[in-house]
Amino acid sequence: MDAKTAVLLDGKAVAEKIHTELQQRIQTLQTQGKRPPGLAVLMVGDNPASAAYVRNKERACAKVGIASLGKNFPGSATQAELEAAICELNEDERVDAILVQLPLPNHLDAVAALNKIDPNKDGDGLHPLNMGRLLRSEVGLRSCTPAGVMRVLEEYQIDVKGKQAVVIGRSILVGKPMALMLLEANATVTIAHSRTQDLAALTRSADILVAAIGRPLAITAEMVKPGAVVIDVGINSIVDDTTGKNRLVGDVDFEQVKQVAGYITPVPGGIGPMTVAILLQNTVDSYCKKMA
Ligand SMILES: NC(=O)c1ccc[n+]([C@@H]2O[C@H](COP(=O)([O-])OP(=O)(O)OC[C@H]3O[C@@H](n4cnc5c(N)ncnc54)[C@H](OP(=O)(O)O)[C@@H]3O)[C@@H](O)[C@H]2O)c1
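Residues numbered from 1 in each chain as written. Predicted model: local features only at pLDDT ≥ 70, side-chain atom pairs only at ≥ 80, totals over all residues. Heavy atoms only, no water.

Please clarify how unusual backbone geometry should be interpreted in this entry.
Most of the time, phi is negative for any residue but glycine, and the peptide bond is trans. Cis geometry marks the peptide bond from leucine 102 to proline 103; its omega dihedral reads 0°. Of note, proline 103 is situated in the loop between strand 5 (97-100) and helix 4 (110-116). A cis amide bond links valine 267 with the next residue in sequence, proline 268, at an omega value of 0°. Phi at aspartate 198 takes a positive value of approximately 50°, unusual for a residue other than glycine. Within the secondary structure, aspartate 198 sits in the loop between strand 7 (188-192) and helix 8 (199-203). (Helix = DSSP H or I, 4+ residues; strand = E, 2+ residues; numbered from the N terminus.)

Would you mind going over helix 5 (residues 128-135) with me for this structure?
Turn by turn, an α-helix covers 3.6 residues, leaving residues three or four places apart pointing in a common direction. Of all the residues in helix 5, the buried ones are Asn130, Met131 and Leu134. What you see down the axis of helix 5 is that its buried residues fit within an arc of 105°, all on one side. Those residues of helix 5 that are buried lie in contact with helix 7 (175-184). Note on helix 5: the residue one or two positions beyond its end, serine 137, has a positive phi of about 55°. (Buried < 20%, exposed > 50% of the residue type's maximum accessible area, 1.4 Å probe, protein only. Arc of directions from axis to C-beta. Contact = heavy atoms within 4.5 Å.)

When you look at the environment of arginine 142 in this model, what are you seeing that I'm missing?
As for its position among the elements, arginine 142 is in the loop between helix 5 and helix 6 (144-155). Taking C-alpha positions, arginine 142 is 19 Å from isoleucine 66, a pair spaced 76 residues apart along the chain. The contact partners of arginine 142, leaving out residues within four places of it in the chain, are Gly123, Asp124, Gly125, Asn130, Arg133, Leu134, Ser137, Ala147, Met181, Glu184 and Asn282. A polar contact of 3.2 Å, which involves the side chain of arginine 142, links it to the side chain of glutamate 184. (Polar contact = N/O pair within 3.5 Å; in protein donor to acceptor, adjacent residues only side chain to side chain.)

It is not clear to me how the domain arrangement of the protein chain should be interpreted in this structure. Could you clarify?
Interface size is commonly expressed as the accessible surface area that is lost when the partners come together. By the assigned domains, the protein chain splits into domain 1 (33-118) and domain 2 (143-272). Spacing between the C-alpha centres of domain 1 and domain 2 amounts to 28 Å. (Domains from an automatic or database assignment.)

I keep staring at the pairing of strand 9 (residues 229-232) and nothing clicks. Help me out?
Side chains on a regular strand alternate between the two faces of the sheet. Residues Val229 and Ile231 of strand 9 are buried on one face, and the alternating residues Val230 and Asp232, pointing to the opposite face, are buried as well. With 4 bridges joining them, strand 8 (residues 208-211) and strand 9 adopt parallel strand pairing. From the neighbouring strand, valine 210 faces strand 9, where its bridge partner is isoleucine 231. Pairing of strand 9 with strand 12 (residues 263-264), which is carried by 2 bridges, proceeds in the parallel orientation. Among the inter-strand pairings, valine 229 is bridged to a residue of strand 12, identified as tyrosine 263. (Pairing = 2+ DSSP bridges.)

Okay, structure coming up:
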């Protein structure tokens with residue numbers, strides 16, 4: 001290995017491993033005559049990025065043997081229609097996990113919709129009860145993206161205990177649960193956000209740096225401590241200068257930062273596939289809990 005290049009944290013490979021484990025678990029259950037686990041993804045409108053994420057999830061479900069029981073609503077769907085569908089799925093015996101694909105169109109209240117999901121079917125771990133369980137380090141369904149980050153760290157045997165971790169971003173979807181999971185694993189955690197002063201000084205202190213900002217290539221090599229673990233959660237579409245076509249990049253300037261970091265996740269192929277894998281794992285865990 002080139003001593004100057006970081007070890008690649010291959011989220012895609014770890015996600016494949018999780019898919020294989022889940023596929024085997026589901027095959028065993030089906031040989032016992034049990035129904036397949038079921039996941040319902042609810043999507044409103046036709047946002048192309050969201051549609052691509054939903055297709056990915058459905059493809060992954062088909063691969064491992066999870067039934068996709070989701071529903072697509074037109075962009076004009078009302079809050080009442082969305083919430084009625086959630087309530088129906090809460091009662092549906094075939095459904096083990098429900099996920100509302102975010103963002104929702106502006107006229108809909110995402111928090112109110114998420115709060116309607118049965119906490120035992122909360123695919124993305126965003127219900128206040130599951131968030132509270134995380135805050136108290138109790139067992140519960142965990143938010144997929146940060147749980148995916150933790151699983152990658154585990155797979156590469158990166159010890160988090162006692163390390164300085166800096167999470168950039170404080171969203172309820174990523175930043176906050178990420179910080180809580182790192183804290184649960186005994187890291188010393190700082191959360192940065194848009195009002196943080198001297199972000200670079202802070203990020204340079206990080207042994208583990210998680211970027212969940214939504215700003216393409218915002219983290220440069222000068223902002224990273226040599227040897228640090230750099231996790232790039234960001235997914236941003238930019239126009240490529242040479243081809244003129246859209247391409248996906250993270251929040252981290254991968255080409256530059258890999259010369260400084262000890263470990264780094266790519267985009268695509270890093271945390272994105274892990275998010276889907278953990279969603280499937282949450283679905284199967286919720287199924288097994290129900291069947292037990
Ligand atoms: N890999 C995956 O599977 C996955 C899953 C979910 C999201 N994502 C991606 O992750 C990124 C973040 O998603 P999100 O839902 O957390 O986004 P979000 O809700 O927009 O939150 C972004 C966070 O970044 C902070 N921020 C913005 N500009 C900043 C700056 N200049 N310096 C420091 N902090 C800054 C914001 O601070 P304030 O709170 O002060 O505004 C906010 O807390 C997006 O690119 C999204 O597409 C990826």
